[in-house]
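Coordinate inspection notes
Read off the chains here:
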Amino acid sequence: MVDYHAANQSYQYGPSSGSNGAGGGGSVGDYMAQEDDWDRDLLLDPAWEKQQRKTFTAWCNSHLRKAGTQIENIDEDFRDGLKLMLLLEVISGERLPKPERGKMRVHKINNVNKALDFIASKGVKLVSIGAEEIVDGNAKMTLGMIWTIILRFAIQDISVEETSAKEGLLLWCQRKTAPYKNVNVQNFHISWKDGLAFNALIHRHRPELIEYDKLRKDDPVTNLNNAFEVAEKYLDIPKMLDAEDIVNTARPDEKAIMTYVSSFYHAFSGAQKAETAANRICKVLAVNQENEHLMEDYERLASDLLEWIRRTIPWLEDRVPQKTIQEMQQKLEDFRDYRRVHKPPKVQEKCQLEINFNTLQTKLRLSNRPAFMPSEGRMVSDINNGWQHLEQAEKGYEEWLLNEIRRLERLDHLAEKFRQKASIHEAWTDGKEVMLKHRDYETATLSDIKALIRKHEAFESDLAAHQDRVEQIAAIAQELNELDYYDSHNVNTRCQKICDQWDALGSLTHSRREALEKTEKQLETIDQLHLEYAKRAAPFNNWMESAMEDLQDMFIVHTIEEIEGLISAHDQFKSTLPDADREREAILAIHKEAQRIAESNHIKLSGSNPYTTVTPQIINSKWEKVQQLVPKRDHALLEEQSKQQSNEHLRRQFASQANIVGPWIQTKMEEIGRISIEMNGTLEDQLSHLKQYERSIVDYKPNLDLLEQQHQLIQEALIFDNKHTNYTMEHIRVGWEQLLTTIARTINEVENQILTRDAKGISQEQMQEFRASFNHFDKDHGGALGPEEFKACLISLGYDVENDRQGDAEFNRIMSVVDPNHSGLVTFQAFIDFMSRETTDTDTADQVIASFKVLAGDKNFITAEELRRELPPDQAEYCIARMAPYQGPDAVPGALDYKSFSTALYGESDL
């Protein structure tokens, strides 16, 4: 026999020591370690001994009566070992060796030893005790032996939420009595003195037996008697204690209370099974509800993003040109604002949407649910297609804006040039028609006629000199039409008027020449000097007018080479000025010579050259104008040269930064590709390393911002090309967005692997083995295996998929699981999902159906009242709203079909 008090500490309990006895294997654990270590020779506390005698006797009789017997005195009736062996047979359900029926002491000792040997065979370690003490009627040892039997067969197998024995029984009591006022179960002695805890246990499971609200905490005797009487009458639990024994003791005996409470636990064990079933259903429904929320969030976010893309694309595809540069530059500024402000958040939303979608699919796979299929038009591929369309429209829109600005600049320049040349030509032709129509030769003298002839010849020369300007005006008008200038109508009208006037001048000139030649024979003298003056002054005057036009001509350049070419041409023009000045002095000398001859011959001149209107004053005035315009032209060219030098500096500045950022992004993309293949250590280490790597990428963002600032300066300076770099800002932006998206996806893949590992119970070593096997056969490091590579990987892991009929069938079955879309590739995530399903268990539809059947009391249907009683309110209503009415032959009003509901949870039918 064991020492009663020593047994409370030496009795080992736990799953490590198995047993084949009824009630399961194990040894008593540390839950008794805190009890006082009583000396073997000391007597029990009288009050406690009294409570234990009553409780243990009642407990033994509750089992012995099944065999048609009972005991009266616990330390006397077990002395011959017969009823002790009978008790063990009843509570274990096993047969003990045949007892000895003799009356001698040796027979009794042998019987008790058979009982003790049976107890020891159930994993109970018996220390320093013999059958003699039981045969001698030692009360202390007998009570200790019965307590050991109670622990082993009534309390040891109690298990609640991964706790067992005493802790499990205490947790069960706490959970069941938690909703009741004035009940706070913390132990198996003081917490039960007022009797409310006993009543709460009964009311929780059989509310019709107890009127709990009428009980008073200050009347413990009434409370205890009520609970004991109800338990004995309705629950078949014998009365094991008297209320007075508990109330009149400062600290009731813990073993007596535990024995009594364990009887309640076993009486309500069916309700415990229902609670376990309810917990399983709650777990399954919670997963389903969470997944539905994630699906709703995805649909909403996808709809918002697609709607934004739908609104933005028509704006980017609008190619209606504006009439002025200012309006087009405003469009360009609006586009830059879209790039800087509106698009970046949408890029982040798109990336987050893909991450959420992948996480949802992983959770569905881990909970053995069917894959999520977004509604039509909201697939990830639909979003990617819409995004691609958006970026194509965006790229075309920017190119169109820049081309339109260049076109409008060209148009403005040509229009201004047209207006200048037209104004000069119109000023020259002013009055020419009147002059050509004048019939002054009819009354003129011979000298006057000759003068008129010379004058007309000079006019013809002047007319021919202006032919180039008229052709230039027509050519500019034609180019404005081809470039779709918005004011082409007025340009064409003015050009047509000039051309018509030019044709009229030609006709009139021809008519006047015929009239003058008709009377030319009558003319004898002519002032050769005036004629020579007129002939030389007219082209020189035209040269000066052309020079003034060129010096005032607007210019547009985009490179330093172009402005240097203009400066070179201007320097060459300045080198011709000395020759022009000598020509001017020669022309003026002719005029002076004519005046000298007239004065020396006393000839009275009319005061003006009859052959030309170009006077020496006009020549000198225009020459001075040319001299003034030259330095202005120098200044304008130098300013433009400075501007182009500044632009060149901006180009080189941007190129220097872009040639650093571009290769950096490309290098990081390659590193991420290597990291995703060569990652070592635990998944948490890999995740930490990837997030640290992500932070290092984000920390590089200021370099990108600096490049954006330099690009903004280039755009504001209207610089359209850069020969110093192959990288554009668009390339950098796209590369940066791809880099952020790639590292985010890689992190999400590791997170999903952690989720898979934790949910499926896969060890770190298994995960590393799976990764090593996958990487070994992923020869091209592409992150996916072809069918042959995957088959070789399976063979290396011990799967029988060799090239025979049975092996091919098994391989095709596995391929249909890991590659449901028949893409011909197996990703690492699909490989991990397959291996996790192969190595772990998950909830199934059959398990959920079995759990519902427990709640329904083995019926083929369940009622709303039963669901609300067993499940939390929100999940009960969730089931009621989705369960179809039960149509079976045993249906009753309000019956619900839990079988179709359970199969629908796992995708076998629609809710």
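Residues numbered from 1 in each chain as written. Predicted model: local features only at pLDDT ≥ 70, side-chain atom pairs only at ≥ 80, totals over all residues. Heavy atoms only, no water.

- Looking up the protein in an unreviewed UniProt entry gives the name Alpha-actinin-4 isoform X1, with the organism given as Delphinapterus leucas.
- Looking at the Sequence similarities (unreviewed entry) heading of the UniProt record, one finds this comment for the protein: "Belongs to the alpha-actinin family." (UniProt positions renumbered as here; feature names shortened; annotations may be inferred.)

**Some remarks on the packing of aromatic side chains**
- Under the defined criterion, the tally for this structure stands at 25 aromatic pairs.
- Seen from their ring centres, Trp172 and Tyr265 are 5.1 Å apart, and the 80 degrees between their planes marks the pair as edge-to-face. Of this pair, Trp172 sits in helix α7 (residues 165–177) while Tyr265 sits in helix α11 (residues 254–267), and the two are 93 residues apart along the sequence. Residue Trp172 shares its accessibility class with Tyr265, and that shared class is buried.
- Ring plane angle 75 degrees and centroid distance 6.0 Å describe the contact between Phe852 and Phe901, whose orientation is recorded as edge-to-face. Remark: Phe901 occurs in helix α33 (residues 898–905) and Phe852 occurs in helix α30 (residues 845–855); sequence separation between them is 49 residues.
- Residue Phe901 is classed as buried on the basis of its relative accessible area, which comes to 1%.
- An aromatic cluster of at least three residues, connected via ring pairs, comprises Phe188, Trp192, Phe198, Phe228, Tyr260 and Phe264.
- The ring of Phe153 has Arg152 lying over it, and the distance from NZ or CZ to the ring centre is 5.2 Å.
- Directly above the ring of Phe811 sits Lys791, whose terminal nitrogen or CZ lies 4.8 Å from the centroid. (Phe/Tyr/Trp six-rings, centres within 6.5 Å; stacked < 30°, edge-to-face > 60°. Helix = DSSP H or I, 4+ residues; strand = E, 2+ residues; numbered from the N terminus. Buried < 20%, exposed > 50% of the residue type's maximum accessible area, 1.4 Å probe, protein only. Lys NZ or Arg CZ within 6 Å of the ring centre and 35° of its normal.)

**Description of the sheet that holds strand β6 (residues 884–885)**
- Strand order in the open sheet formed by three strands is β5-β7-β6, with antiparallel pairing between adjacent strands. Only two strands of the sheet have a single partner each, and these edge strands are β5 (862–863) and β6.
- Looking at chain direction, β5 and strand β7 (residues 895–897) are connected through two bridges and run antiparallel. Following the sheet pairing, Ile862 is matched in β7 by Leu896. (Pairing = 2+ DSSP bridges.)

**What to know about the environment of Cys495**
- Considering the arrangement of structural elements, one finds Cys495 in helix α18 (residues 488–518).
- Measuring from C-alpha to C-alpha, the distance between Cys495 and Ala422 comes to 7.9 Å, with 73 residues separating the pair along the chain.
- Once residues lying within four places of it in the same chain are set aside, the contact partners of Cys495 are Phe418, Ile473, Ala474 and Ala477. (Contact = heavy atoms within 4.5 Å.)

**Details of the side chain of Asn61**
- Residue position: Asn61 is located in helix α2 (residues 46–64).
- What makes Asn61 buried here is its relative accessible area of 14%.
- Non-local contacts of Asn61, meaning those with residues more than four positions away in its chain, are made with Gln70 and Ile71.

**Describing the side chain of Gln289**
- Relative to the elements of secondary structure, Gln289 occurs in helix α12 (residues 269–316).
- Judged by its relative accessible area of 17%, Gln289 is buried.
- If we skip the residues at most four places from it in the chain, Gln289 touches Asp874, Gln875 and Tyr878.

**Section: the nonpolar core**
- In this structure, Ile146, Ile149, Trp192, Phe198 and Phe264 are the most contacted members of the largest nonpolar core, which totals 76 residues.
- In contact with Ile146, not counting residues within four places along its chain, are Phe56, Cys60, Ile74, Phe78 and Leu87.
- Listed in part, the 47 residues of the second largest apolar core include Val661, Phe770, Val801 and Phe811. (Core = buried A, V, L, I, M, F, W, Y, C linked by side-chain atoms within 4.5 Å.)

**Concerning the state of the cysteines**
- Considering all chains together, one arrives at zero disulfides under this definition.
- You can see Cys495 has no disulfide; the closest cysteine sulfur is in Cys499, sitting 4.2 Å from it.
- Look at Cys495 and you get buried, because its relative accessible area is 9%. (Disulfide = S-S within 2.5 Å.)

**A closer look at the packing of α2 against α11**
- With their axes 9 Å apart at the nearest point, α2 and α11 run at an angle of 25 degrees to one another. Between α2 and α11, the crossing angle belongs to the class labelled roughly parallel. Here the hand of the crossing between α2 and α11 comes out left-handed. Side by side, α2 and α11 meet where Gln51, Gln52, Thr55, Phe56 and Trp59 of the first sit next to Lys255, Ala256, Thr259, Tyr260 and Ser263 of the second.
- For the contact of α2 with α11, a count of residues per class yields four nonpolar, five polar and one charged. (Axes fitted to C-alpha atoms, helices over the stretch in contact; angles between N-to-C directions. Parallel < 35°, antiparallel > 145°, perpendicular 65-115°, else oblique. Left-handed = near helix turned anticlockwise from the far one by under 90°. Nonpolar A, V, L, I, M, F, W, Y, C, P; charged D, E, K, R; others polar.)

**A look at the environment of Gly824**
- When you line up the elements, Gly824 lands in the loop between α28 (805–818) and β4 (826–827).
- Here the alpha-carbon distance between Gly824 and Leu785, two residues 39 residues apart in the chain, equals 8.4 Å.

**A short note on the layout of surface pockets**
- In this structure, the largest pocket encloses a volume near 1500 Å³.
- What lines the largest pocket is a set of 43 residues, and nearest its centre among them are Asn358, Arg365, Thr827, Gln829 and Ala830.
- Put simply, the parts of the chain that give the lining of the largest pocket at least two residues each are α13 (325–366), α22 (616–678), α25 (729–760), α26 (764–777), α28, β4 and α29 (828–839).
- Of the residues that constitute the lining of the largest pocket, the class distribution is 18 nonpolar, 16 polar and nine charged. (1 Å grid on protein atoms, 1.4 Å probe; cavity = no way out; pocket = protein on both sides within 12 Å on 5 of 7 lines; lining within 4 Å. Points joined across faces, edges and corners; volume = space filled by probe spheres on them.)

**Section: α28**
- Between its first and last C-alpha, α28 extends 20 Å over 14 residues, near the 20 Å set by a 1.5 Å rise per residue.
- For α28, every residue scored as buried is listed here: Gly807, Phe811, Ile814, Met815 and Val818. Viewed along the axis of α28, the buried residues span an arc of 105 degrees, placing them on a single side of the element. Turned more than 90 degrees away from the buried face of α28 sit Arg805, Gln806 and Asn812, all of them exposed. (Expected span 1.5 Å × (residues − 1). Arc of directions from axis to C-beta.)

**Some words on α11**
- A rise of 1.5 Å per residue sets the reference length of α11, with its 14 residues, at 20 Å; its end C-alpha atoms lie 20 Å apart and thus fit the reference within 8%.
- A large share of α11 lies buried, amounting to twelve of its 14 residues.
- Every buried residue of α11 is accounted for by Glu254, Lys255, Ala256, Ile257, Met258, Thr259, Tyr260, Val261, Ser262, Ser263, Phe264 and Tyr265.
- Near the N-terminus of α11, the side chain that reaches the backbone nitrogen of Lys255, with its oxygen 3.3 Å away, is that of Asp253. (Polar contact = N/O pair within 3.5 Å; in protein donor to acceptor, adjacent residues only side chain to side chain.)

**Some words on the pattern of salt bridges**
- Under the criterion given, the structure shown has 51 salt bridges.
- With a closest N to O distance of 3.0 Å, Asp75 and Arg53 form a salt bridge. Residue Asp75 is located in the loop between α2 and α3 (82–92), and its partner Arg53 is located in helix α2; the two are separated by 22 residues in the primary sequence.
- Using a relative accessible area of 9% as the deciding quantity, one classes Asp75 as buried.
- Its salt-bridge partner being Glu671, residue Lys668 comes within 3.5 Å of it at the nearest N-O pair. Highlighted residues: Lys668 and Glu671, both in helix α22, separated by three residues, approximately one helical turn.
- The exposure class of Lys668 is buried, given its relative accessible area of 15%.
- Through salt bridges with shared partners, one network takes in Lys50, Lys54, Asp242 and Asp245. (Salt bridge = Lys/Arg side-chain N within 4 Å of Asp/Glu carboxyl O.)

**So, empty space enclosed by the protein**
- A full pass over the atoms with the stated rule returns two cavities of 30 Å³ or more.
- Taken as a whole, the largest cavity spans an internal volume of roughly 40 Å³.
- Lining of the largest cavity is provided by Tyr298, Lys350, Leu353, Glu354, Val380 and Ile383.
- Secondary-structure elements contributing two or more residues to the lining of the largest cavity are α13 and α14 (380–429).
- Counting residues per element, the lining of the largest cavity draws most heavily on α13, which supplies three residues.
- Residue classes in the lining of the largest cavity are distributed as four nonpolar, no polar and two charged.
- For the second largest cavity, the calculated volume is near 30 Å³.
- Lining the second largest cavity we find Ile453, His456, Glu457, Arg513, Leu516 and Glu517.
- Looking at the lining of the second largest cavity residue by residue, the class counts come to two nonpolar, one polar and three charged.

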